[in-house]
Amino acid sequence: LTPLDAVFYEQRPRFDWHPGLLIDGARIQVPFLADLVTLADPTSDWTFLNYLRTHHRLYPFYFAERFHTHRAEYDAYCRWVADNLPALHFRHQVDAVRWNPERDLFEVDFTHLDADGEAEALGRTHTRNVVLGIGTEPHIPDPLRPLV
Ligand SMILES: Cc1cc2nc3c(=O)[nH]c(=O)nc-3n(C[C@H](O)[C@H](O)[C@H](O)COP(=O)(O)OP(=O)(O)OC[C@H]3O[C@@H](n4cnc5c(N)ncnc54)[C@H](O)[C@@H]3O)c2cc1C
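Residues numbered from 1 in each chain as written. Predicted model: local features only at pLDDT ≥ 70, side-chain atom pairs only at ≥ 80, totals over all residues. Heavy atoms only, no water.

For the rest of this paragraph, the subject is the site of the ligand. Every one of the 13 residues lining the ligand counts as a neighbour, but E10, Q11, H18, V94 and G135 are closest to it. V94 places a polar main-chain atom, nitrogen or oxygen, 2.8 Å from a nitrogen atom of the ligand. Contact between the ligand and I134: an oxygen atom at 3.3 Å from a main-chain N or O atom of the residue. When residues in the shell around the ligand are grouped by element, the largest group, three residues, is from strand β3 (residues 92-100). For the shell around the ligand, the class distribution of residues is four nonpolar, seven polar and two charged. (Near = heavy atom within 4 Å. Polar contact = N/O pair within 3.5 Å; in protein donor to acceptor, adjacent residues only side chain to side chain. Helix = DSSP H or I, 4+ residues; strand = E, 2+ residues; numbered from the N terminus. Nonpolar A, V, L, I, M, F, W, Y, C, P; charged D, E, K, R; others polar.)

Right under this line is the structure:
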């Protein structure tokens, strides 16, 4: 979304879609048009068709006439998008979020992790709003529990 000025911090080293569940030959249950963007904006750079074209797979995909993609290829497509979005920051572990009344902004402290998951550098971002992905098994930090 062009007017949205946001960054995303994720402690994991990279995007992985359902790790451990990409069984050989298994396909997703919906056709490729239900990719990350096509139904909202088929002219986006991040369509599954553009992924295929970039990876020289467009003609093989078309002639095979199997429009329910392999789960492994869908995972690779999502990673290709994630790797190319500059606002996504993997290997960034958020350590603290606090309100700074002087600046009227939130401060977000994070640790940049190296390839082994060890701390490499510390950083801080200031932001007007914070959105928290609480997880499939919800984890709500203690200071936020009264708000739920
Ligand atoms: C097998 C499976 C199939 C599913 N299929 C569907 C489907 O078809 N459709 C659907 O709508 N939903 C589906 N879901 C559910 C969907 O994946 C979840 O509802 C969704 O991912 C929850 O999003 P979230 O951002 O809250 O949590 P998550 O996706 O779990 O993201 C939270 C992230 O926060 C990161 N994190 C935690 N602590 C920190 C920290 N301190 N610093 C930085 N990062 C941190 C974690 O590493 C994690 O990646 C499926 C789930 C599973 C397991």
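If you walk through the whole model with that rule in mind, you get nine salt bridges. A salt bridge links R79 to D16; the shortest N-O distance between them is 3.2 Å. Taken as a pair, R79 in helix α3 (residues 71-83) and D16 in the loop between β1 (8-9) and α1 (48-54) lie far apart in primary sequence, 63 residues in all. For D16, a relative accessible area of 29% corresponds to the partly exposed category. A salt bridge links R98 to E107; the nearest nitrogen and oxygen atoms lie 2.8 Å apart. Residue E107 is classed as buried on the basis of its relative accessible area, which comes to 10%. Where salt bridges share partners, they join R14, D16, D75 and R79 into one cluster. (Salt bridge = Lys/Arg side-chain N within 4 Å of Asp/Glu carboxyl O. Buried < 20%, exposed > 50% of the residue type's maximum accessible area, 1.4 Å probe, protein only.)

Spanning 13 residues, α3 covers 18 Å between terminal C-alpha atoms, matching the ideal 18 Å at 1.5 Å per step. The element α3 is extensively covered by neighbouring structure, given that ten of its 13 residues are classed as buried. Taken together, the buried positions of α3 are R71, E73, Y74, D75, Y77, C78, R79, W80, V81 and A82. On its buried face, α3 sits against α1 and β2 (88-89). (Expected span 1.5 Å × (residues − 1). Contact = heavy atoms within 4.5 Å.)

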